[in-house]
Amino acid sequence: MFKNSLLSVIIAFHSVVTGYAQESLTTTFRKYGIEGSATIYDYKNRKWLYSDTADAKIAMQPASTFKIINLLIALETGAIKDEHEIIPWPGKTDTTLYGYRPEIYKNISVKEAFEVSAGWAFIEIAKRIKRPVYRKYLKQSGYGNLDLSEKGEDFWNFGPMKISPENQINFLVKLYEGRTPFSKRNTEILKKVMVTEKQENYTLRSKTGWTRTEGQDIGWWVGYVTDKDRTYFFATRLKKALGKPNANFSKFRKAVTMEILKKLQGPD
């Protein structure tokens, strides 16, 4: 569905986004039986679309979407030299958060670690960067609430450092426009690593995130899609109680987003 429909979605989106009733987007979340919100920004027309305006402003842990700015900070500070640097496998890690995935527990490049969301590798990178340095770049970027008081290295998954869907998009817009404190070289590296899908007529850049904290599963999908002259940013965040089973929670992050975009096409 994703590959076959994305181009038609972004072509149709331009003509209907301003007229589509925001409240009707919530029906997609009800259909999937999931709680959360989708926030979309039409860059060309400078217009926001929300499934839940209030939720779009509520900050929660960024989970692995933090890898976007984490990679930039690591590059800018010299903690890593480029996306091809190999992060040595430390030999042990906590595999309880998402379950054991043996394919990611090995010496791994930064690029692959980003693509497969190998959290342990970015924890190893974070150990090379002091918290005041993180705080400086996060403040300069306008990213999150700047609360880095969590003692563990994995502060983007646990603790009080949080970001809202609106804030996620605002940062991505700054990144797109080159208005961050990061060099052009490092920004271009990130943009290459973020490519999720590239076709002749469009490019999708994105990052998923999922954490379990404060009694909740929190699942993100954030990014932006561009064609020849249009760019659309999105931040979808799903939530559920930890004790509530939902085997599809992970894939619903993208499914909900894509269905909402398809709805914006209007009647066939």
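Residues numbered from 1 in each chain as written. Predicted model: local features only at pLDDT ≥ 70, side-chain atom pairs only at ≥ 80, totals over all residues. Heavy atoms only, no water.

Trainee: I keep staring at the overall build of the protein chain and nothing clicks. Help me out?
Mentor: Scanning the protein chain for helices and strands turns up 9 helices and 8 strands. Residues classed as buried in the protein chain amount to 53% of the 268 residues present. Taking contacts inside the protein chain between residues at least 6 apart in sequence as the whole, the part at least 24 apart equals 68%. (Helix = DSSP H or I, 4+ residues; strand = E, 2+ residues; numbered from the N terminus. Buried < 20%, exposed > 50% of the residue type's maximum accessible area, 1.4 Å probe, protein only. Contact = heavy atoms within 4.5 Å.)

Trainee: Even after reading the chapter, I still don't get the side chain of Arg 230, so can you show me in this structure?
Mentor: Mapped onto the elements of the fold, Arg 230 is located in the loop between strand E7 (216-226) and strand E8 (231-241). Classification of Arg 230 as buried rests on a relative accessible area of 15%.

Trainee: Explain the packing of helix H3 (residues 67-77) against helix H5 (residues 119-126) to me, please; I cannot follow it from the model alone.
Mentor: The axes of two packed helices give the description: the angle between them and the distance between them. Look at H3 against H5: their axes get within 11 Å of each other, and the N-to-C directions meet at 40°. Classed by the angle they form, the pair H3 and H5 counts as oblique. Here H3 and H5 pass one another in a crossing that is left-handed. Residue-level contacts link Lys 67, Asn 70, Leu 71 and Ala 74 of H3 to Gly 119, Phe 122 and Ile 125 of H5. Looking at side-chain class alone, the contact of H3 with H5 contains 4 nonpolar, 2 polar and 1 charged residues. (Axes fitted to C-alpha atoms, helices over the stretch in contact; angles between N-to-C directions. Parallel < 35°, antiparallel > 145°, perpendicular 65-115°, else oblique. Left-handed = near helix turned anticlockwise from the far one by under 90°. Nonpolar A, V, L, I, M, F, W, Y, C, P; charged D, E, K, R; others polar.)

Trainee: Whenever I open this one, unusual backbone geometry confuses me. Can you help?
Mentor: Leave glycine aside and you will find that most residues have negative phi; peptide bonds, for their part, are mostly trans. The phi dihedral of Ala 63 is positive, around 50°, even though this residue is not glycine. Note that Ala 63 resides in the loop between strand E2 (47-50) and H3. Given a relative accessible area of 0%, Ala 63 falls into the buried group. Positioned with a positive phi, Leu 146 is a non-glycine residue whose angle comes to about 70°. Following the sequence through the fold, Leu 146 ends up in the loop between helix H6 (131-141) and helix H7 (165-177).

Trainee: I tried to follow the sheet that holds E2 on my own but got confused; where do I start?
Mentor: Backbone-to-backbone hydrogen bonds join strands into a sheet, with any given pair of strands oriented parallel or antiparallel. With antiparallel pairing, the 6 strands of this open sheet are ordered in space as E2-E1-E8-E7-E6-E5. The open sheet has two edge strands, E2 and strand E5 (195-198), and neither has a second partner. The average undirected angle you get between the axes of adjacent strands in this sheet is 15°. Judged from the 8 bridges that link them, strand E1 (residues 35-42) and E8 form a sheet pairing that is antiparallel. Each residue of the ladder has a partner; that of Tyr 41, found in E8, is Phe 233. Sheet contacts for H7: E1, E2, E7 and E8; angle to E8, the most-contacted strand, approximately 150°. (Pairing = 2+ DSSP bridges.)

Trainee: Would you mind going over the pairing of strand E6 (residues 203-213) with me for this structure?
Mentor: Residues in a regular strand project their side chains so that they alternate between the two faces of the sheet. Among the 11 residues in E6, 10 count as buried, and that is most of the element. When E5 meets E6, the two strands line up antiparallel, connected through 3 bridges. Note on E6: the bridge partner recorded for Glu 197 is Leu 204. Hairpin connection from E5 to E6: 4 residues lie between these consecutive antiparallel strands. In this sheet, E7 lies alongside E6 in antiparallel orientation, the contact comprising 11 bridges. Bridged to Leu 204 within E7 is Val 225. Once E6 ends, the chain turns through 2 residues before running back antiparallel as E7, passing Glu 214 with a positive phi of about 55°.

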